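Okay, here's what each chain looks like letter by letter:
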Amino acid sequence: MPELKALIFDVDGTLADTERDGHRVAFNLAFADAGLDWDWTVEIYEDLLTVTGGKERMQYFMDKYKPVFDVAEDLKSYIANMHKAKTAHYTDLLSRGAIPLRPGVERLLNEAREKEFRLAIATTTTPENVSVLLEHTLGKESMDWFEVIAAGDIVPAKKPAPDIYDYALEKMGLNADECIAFEDSRNGILSSLGANLKTIITINDYTKNHDFTGAAIVLDQYGEPDSPFTVIDGDALGFDYLNIEMVKALHTA
Ligand code: XBP
Ligand code: MG
């Protein structure tokens, strides 16, 4: 196995728990702006999360839950406009500090930078959403920590397709076996494994029952030196919080 050179992170659910109290809330605010009484409850949103991409998710919702809903204009541009409003609400929420990073994320990123690992992001969310999260958690300069931020419509086929990871690898000029991916969901791991990347999973409330076959390890969180992770599946190789030594060991294992 070649030496580990880069860490590639998913954003939603992995860096931060953005779905329930961020994206979901922003979708509902955009629906209200448009005069719609649609309410994406915490429960319905679990089903909606089977589709990645906000525009694609709205289309799926209409097809499944509002089959008689009709708009005068072109449906694609109707969805695109409503999605713009959703992004505005989401960035507004996050710029007010609504969502923190998950435990251990900041520590792991700092350690990776100290040890000169290369960093990238591979996500289906809109680029502005990544910037606002990073700026309001790690500071403005953290945008420069990631040499590639592969996000949103930059590739036509979103996760579970491997395209977004393939894109990040190509931009970095690295092979999959020189990198490791960090994910939280079934669609995420299908995408990263599809790009031949070893993948470390941290679960959250929405993804705790997902199938993570093929993961290097499944954890509840990265943990901190004084607050260990719980192993959901796999061998933690004697570690009790995720640091670079453990990431390297999982990459070689
Ligand atoms: C993230 C998503 C995104 C966000 C919404 O999935 O599915 O669609 O929920 O973002 P992953 P946009 O973590 O697997 O990348 O509304 O900006 O599309
Ligand atoms: Mg995710």
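Cut-offs used in this document
All chains use their own residue numbering, which begins from 1 and follows the written sequence. Chain letters start at A and ligand numbers start at 1, both assigned in the order the entries are written. Reporting of local features is limited, given that this is a predicted model, to residues whose pLDDT is at least 70; pairs of side-chain atoms are given and counted only at 80 or more, and all residues count toward the totals for whole chains, interfaces and linings. Values reported for side chains reflect all heavy atoms of the structure, with hydrogen atoms and water molecules removed beforehand. Pairing of aromatic rings covers Phe, Tyr and Trp, the last through its six-membered ring, and needs centres within 6.5 Å; plane angles under 30 degrees mean stacked, over 60 mean edge-to-face, and all others mean tilted. Exposure classes here rest on a 1.4 Å probe applied to the protein chains alone. A residue is buried below 20% of its type maximum, exposed above 50%, and partly exposed in between. In this analysis the charged atom, NZ for Lys or CZ for Arg, is taken to sit over a ring once it is within 6 Å of the ring centre and within 35 degrees of the ring normal. In short, DSSP must find at least two bridges between two strands for them to pair. Only DSSP runs of H or I with at least four residues qualify as helices, and only runs of E with at least two residues qualify as strands; both kinds are numbered from the N terminus onward. The axes used here are C-alpha line fits, helices contributing only the stretch in contact, and every angle between their N-to-C directions lies in the interval 0 to 180 degrees. In this listing, donors mean N, O and S atoms no farther than 2.8 Å from the metal, or 3.2 Å for Na, K and Ca; water is missing from the atoms, so a site can look incomplete.

## Considering the packing of aromatic side chains
Move 1: For the coordinates displayed, the defined rule picks out 14 aromatic pairs.
Move 2: Residues F31 and W38 carry aromatic rings whose centres are separated by 5.2 Å and whose planes lie at 65° to one another, so their mutual orientation is edge-to-face.
Move 3: Overall, the relative accessible area of 0% leaves F31 in the buried class.
Move 4: Put simply, the rings of F27, F31, W38, W40, Y45, F61, Y65, F69, Y78 and Y206 pair up and form one aromatic cluster.
Move 5: For K86, the ring lying beneath its charged end belongs to F27, and the centroid distance is 4.5 Å.
Move 6: Over the ring of Y90 we find K86; its NZ or CZ atom is 5.2 Å from the centre of that ring.

## Thoughts on the sheet that holds strand β4 (residues 179-183)
Move 1: If you trace the seven strands from one edge of the open sheet to the other, you get β3-β2-β1-β4-β5-β6-β7, paired in mixed fashion. The open sheet is flanked by β3 (148-151) and β7 (231-233), the only strands paired with a single partner. Averaged over all pairs of adjacent strands, the angle between their axes in this sheet comes to 25°, without regard to strand direction.
Move 2: By the bridge criterion, four bridges tie β4 to strand β5 (residues 198-202) in an arrangement that is parallel.

## Let's talk about the coordination of the magnesium ion (ligand 2)
Move 1: D10 (OD), D12 (O) and D184 (OD) make up the full set of protein donors to the magnesium ion (ligand 2), lying at 2.1 Å.
Move 2: Counting along the primary sequence, the residues that act as donors to the magnesium ion (ligand 2) give the motif D-x1-D-x171-D. Like D12, D10 is buried.

Purely spatial values, then, with no claim about function.
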